[in-house]
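Reading the structure
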Amino acid sequence: MINITADGILLSIEEIRARSPLIHNITNYVVMNTTANALLALGASPVMAHAEEEVRDMVALAGALVVNLGTLSPPWVKSAFIAAEEAAALKVPFIIDPVGAGATSYRTKTFRDLINAFPPTVIRGNASEIRALSTDSATTKGVDSTDPSYRAIDAAFRLAGLSGSVICISGETDYVVHKTNVVQVRNGHPMMSRVTGLGCTASALCGAFAAVQPDAARAVTEAMAVMGIAGELAAKGAPGPGTLQFRLIDALYRLGESDIRKCLNVEEGL
Amino acid sequence: MINITADGILLSIEEIRARSPLIHNITNYVVMNTTANALLALGASPVMAHAEEEVRDMVALAGALVVNLGTLSPPWVKSAFIAAEEAAALKVPFIIDPVGAGATSYRTKTFRDLINAFPPTVIRGNASEIRALSTDSATTKGVDSTDPSYRAIDAAFRLAGLSGSVICISGETDYVVHKTNVVQVRNGHPMMSRVTGLGCTASALCGAFAAVQPDAARAVTEAMAVMGIAGELAAKGAPGPGTLQFRLIDALYRLGESDIRKCLNVEEGL
Amino acid sequence: MINITADGILLSIEEIRARSPLIHNITNYVVMNTTANALLALGASPVMAHAEEEVRDMVALAGALVVNLGTLSPPWVKSAFIAAEEAAALKVPFIIDPVGAGATSYRTKTFRDLINAFPPTVIRGNASEIRALSTDSATTKGVDSTDPSYRAIDAAFRLAGLSGSVICISGETDYVVHKTNVVQVRNGHPMMSRVTGLGCTASALCGAFAAVQPDAARAVTEAMAVMGIAGELAAKGAPGPGTLQFRLIDALYRLGESDIRKCLNVEEGL
């Protein structure tokens, strides 16, 4: 049982706003601005840092490390390994977003190697990415999923077994898999898939919640619910994804008790 | 004759929305987020990837390759050459946006070398950039044009002759030059020049249209018309370029038959 | 006396709009899009360029050089040194934004070395950053200040004495320190601290004003006042920081005489 409640989510949000944990992101160029804004709007303090000369120092200050190699290249990969090692040593929650795993062998191999070397607290990806990490059949086309999320549930259990990580498959329904448990998060809005990098934002929010909530499965579920609820609020009446993108930031900033209580839509089990 | 019609444009948009072609962008840091959002809003599937370890694999999945070295450095240039070689081998449409050609000798030389080595399907730039590529008189100040677009028409014909590429000079009027033909696209709005990277977005749209429309001159003209029409819709009543930027994404998402039929403003010849 | 007036600010804005000075930014990935848009909205012409192969050429075209190493790594640091050397040789105004100084020893050392090697025209940072540069007690947590701005005034005077630079400490009140003078800029809005990179935008505006106003202390004070006033206008009725971010660009674009006269809130001395 992961046991998600509106009260629990509200408490975590309050903690994030009160403590403003530093979230260290090694993330891709596409989403840096929107990720930083989402974390700031929620109440956390984002930092982007990727030089091998400083990632150890930065991890030491951080409440969570979020690694998203959506625009990877060797120097960034090297720094991600160093940061992950430091996070393991200091027991800083470590979230991986395996953007585009399965699309190229370089991505698939990099993410597998990183997960094997430093098993993360959380792995959050779309169905294609989670399947690519847990099997040899890679079916990813670029960075958008070609599968509905439920098709990766078996893969997620396999990956959870191998890595010990909490696995989150995001999609129309998000599945959070941990050991033998699974929670479905049914919040969100279809237009969100037309805004670039909202998966990356969700991973960053997982970092913010993991920084204040020691139960990682609960932290991830809370983060995905908050992301989905903010998306629903942002999509209401939005003429298109340009509007949705900035309103999502506003929604994260304003998110209050009644929003959570009214919208929360999660279910334990399958 | 390139022969652009509203029906042709609508068919191409329908194709993009139905097939969601992967557009592989090797592009600059400034515009990655907005370019990805524009492609997603239109219905395409963007990916940004620049590591030499993976660009061949990514090109192989792509409906078009768009190279925009607006924030170039040697590793990116190297990857652009590798990707361009693969695109040539696989006959994947290849679009170059020569950002800032003429501003520094490094940019001018890089773009000329790339065009000579792997003649692109399409070259889209502002007047200063097109002139810098086709002559020795470089007059670019930074990345904004110092010339009106018509002043580069001779240069565009010269460049088209040398490279075999379709050349697009963007500006108040866009000129699409192919062999002995030229089409004028008079869509767009002056405020668009105050939003960073809309030229880069136009190049990415050229990639999306080239992925579904094998006649490159037609694809480019359709893309420029769609970009201009979306810009007109976005600018209507916009208090400034901040608003225009997000509304342009909404406009690409919502673009419908009546918008195209009502606004399309192209003319064959000079 | 720095002697800031609405008339002086209006004259500088007019100059920027008329001359459209090229502002060469070596800046971080997070803010490139918003910085470029802010400069364009104000009337300047931004360029982002960081390759050591071209930074000298770009500085030679520029009205100001703005170095912001918020996502630094060795190749960018090397280029910043080359660009700063060229700016010194050509007497191009040189602005440093020491993002995250104090957070890691790599950042603190890099900024100190750069300032020692090529004393900048202007250093603009938050209180934690200015303190970290002028003393050995680094208290920065990531990139957000942990101190109110007035706590860095002594440090700013020390740093001004060592470097000869104009120092700007930004915060709820901005302090511009030059030799024995200090000006307080009380414009701005608390929600601005929830939008990523508005400090970086302020530094870029310092570049635009320094390109047209040879008195650097005056240029910086004018820039900070304009940034604050645009922020106030943008925040009016904004439901959150997502809205504030795009409205700030609109506000910079529309900024007129009555806005400046009505809102300007600066005071000489302490």
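Heads up: the structure comes first, above all this text.
A brief look at the structure comes next. (Residues numbered from 1 in each chain as written. Chains lettered and ligands numbered in written order. Predicted model: local features only at pLDDT ≥ 70, side-chain atom pairs only at ≥ 80, totals over all residues. Heavy atoms only, no water.)

1. Comments concerning the overall build of chain A
Scanning chain A from N- to C-terminus turns up 11 helices and 9 strands. Judged by the C-alpha coordinates and their principal axes, chain A covers about 45 × 40 × 35 Å. Residues classed as buried in chain A amount to 68% of the 270 residues present. Only carbon and sulfur atoms are counted for the fraction: they give 51% of the accessible area of chain A, which is about 8,900 Å². Across chain A, the 22 positively charged side chains and the 26 negatively charged ones have centroids separated by 4 Å. (Helix = DSSP H or I, 4+ residues; strand = E, 2+ residues; numbered from the N terminus. Buried < 20%, exposed > 50% of the residue type's maximum accessible area, 1.4 Å probe, protein only. Areas by Shrake-Rupley, 256 points an atom, 1.4 Å probe, with all protein chains shown as cover. Lys, Arg positive; Asp, Glu negative; His and termini not counted. Charge placed at Lys NZ, Arg CZ, Asp CG, Glu CD.)

2. A look at the packing of aromatic side chains
This model, assessed by the stated rule, comprises 15 aromatic pairs over all chains. An aromatic cluster is defined as three or more aromatic residues linked by ring pairs; in this entry it consists of Tyr29 and Trp76 of chain A, Tyr29 and Trp76 of chain B together with Tyr29 and Trp76 of chain C. (Phe/Tyr/Trp six-rings, centres within 6.5 Å; stacked < 30°, edge-to-face > 60°.)

3. Remarks on the interface of chain C and chain B
With 29 residues of chain C at the contact, the number on the chain B side is 30 residues. A buried area of about 2,400 Å², summed over both sides, lies between chain C and chain B, and 58% of it is on carbon and sulfur atoms. Where chain C meets chain B, there are 1 salt bridge. Connecting chain C to chain B are 12 residue pairs in polar contact (both at pLDDT 80 or more). At 6 residues, helix 2 (residues 32-42) of chain C tops the list of elements feeding residues into the side of chain C that touches chain B. Classifying every residue of the side of chain C that touches chain B gives 17 nonpolar, 6 polar and 6 charged. (Contact = heavy atoms within 4.5 Å. Buried area = accessible area lost by both parts, 1.4 Å probe. Salt bridge = Lys/Arg side-chain N within 4 Å of Asp/Glu carboxyl O. Polar contact = N/O pair within 3.5 Å; in protein donor to acceptor, adjacent residues only side chain to side chain. Nonpolar A, V, L, I, M, F, W, Y, C, P; charged D, E, K, R; others polar.)

4. Here we look at the packing of helix 2 (residues 32-42) of chain B against helix 8 (residues 198-210) of chain B
All names here are of chain B. Between helix 2 and helix 8, the shortest axis-to-axis distance is 9 Å and the interhelical angle comes to 40°. Taken as a pair, helix 2 and helix 8 cross one another with a handedness that is right-handed. Where helix 2 approaches helix 8, its residues Thr35, Ala38, Leu39 and Leu42 are matched on the opposing element by Thr201, Ala204, Leu205, Ala208 and Phe209. (Axes fitted to C-alpha atoms, helices over the stretch in contact; angles between N-to-C directions. Left-handed = near helix turned anticlockwise from the far one by under 90°.)

5. Structural notes on the interface of chain C and chain A
Counting residues at the interface gives 30 residues for chain C and 29 residues for chain A. Carbon and sulfur atoms make up 58% of the area that chain C and chain A hide from each other, which totals about 2,400 Å². In this assembly, chain C and chain A are joined by 1 salt bridge. Here Arg107 of chain C ties to Glu54 of chain A by a salt bridge, and the two come within 2.7 Å at their closest N and O atoms. Linking chain C to chain A there are 12 residue pairs in polar contact (both at pLDDT 80 or more). Of all the elements in the fold, those that place two or more residues in the side of chain C that touches chain A are helix 5 (105-117) and helix 10 (241-254) of chain C. Partitioned by chemical class, the residues of the side of chain C that touches chain A number 13 nonpolar, 13 polar and 4 charged.

6. Some remarks on the relation of the copies chain C and chain B
Superposing chain C onto chain B takes a rotation of 120° combined with a translation of 0.0 Å along the rotation axis, leaving an RMSD of 0.0 Å. Taken together, the rotation and translation describe the operation of a three-fold axis. The C-alpha atom lying nearest the rotation axis in chain C is that of Tyr29 of chain C; the distance is 3.7 Å. Each copy contacts the other with its own distinct surface, as only 7% of the interface residues of chain C are interface residues in chain B too. (Least-squares fit on C-alpha atoms with pLDDT ≥ 70 in both.)

7. Focus on the environment of Gly231 of chain C
Note on placement: Gly231 of chain C falls in helix 9 (residues 216-235). Ignoring sequence-local partners within four residues, the contact set of Gly231 of chain C consists of His189, Met192 and Leu248 of chain C.

8. A closer look at the relation of the copies chain C and chain A
Least-squares fitting of chain C to chain A yields an RMSD of 0.0 Å, with the superposition described by an axial translation of 0.0 Å and a rotation of 120°. In this assembly the copies use different faces: only 7% of the residues contributing to the interface of chain C also contribute to that of chain A.

9. Quick notes on helix 4 (residues 74-90) of chain A
Residues and elements named next belong to chain A. Between its first and last C-alpha atoms helix 4 spans 24 Å; for 17 residues at 1.5 Å apiece the expected length is 24 Å, and the two agree. Within helix 4, burial applies to Trp76, Val77, Ser79, Ala80, Ile82, Ala83, Ala84, Glu86 and Ala87. Buried-residue contacts for helix 4 involve strand 1 (22-26), helix 2 (32-42), helix 3 (55-61), strand 3 (64-68), strand 4 (94-97) and helix 5 (105-117). In the segment just after helix 4, Lys91 is the residue with positive phi, at about 55°. (Expected span 1.5 Å × (residues − 1).)

10. With respect to the side chain of Asn37 of chain C
Structurally, Asn37 of chain C is set in helix 2. Using a relative accessible area of 3% as the deciding quantity, one classes Asn37 of chain C as buried. If we ignore the near neighbours within four places in the chain, the residues touching Asn37 of chain C are Arg194, Val195, Thr196 and Gln245 of chain B together with Ile249 of chain C.

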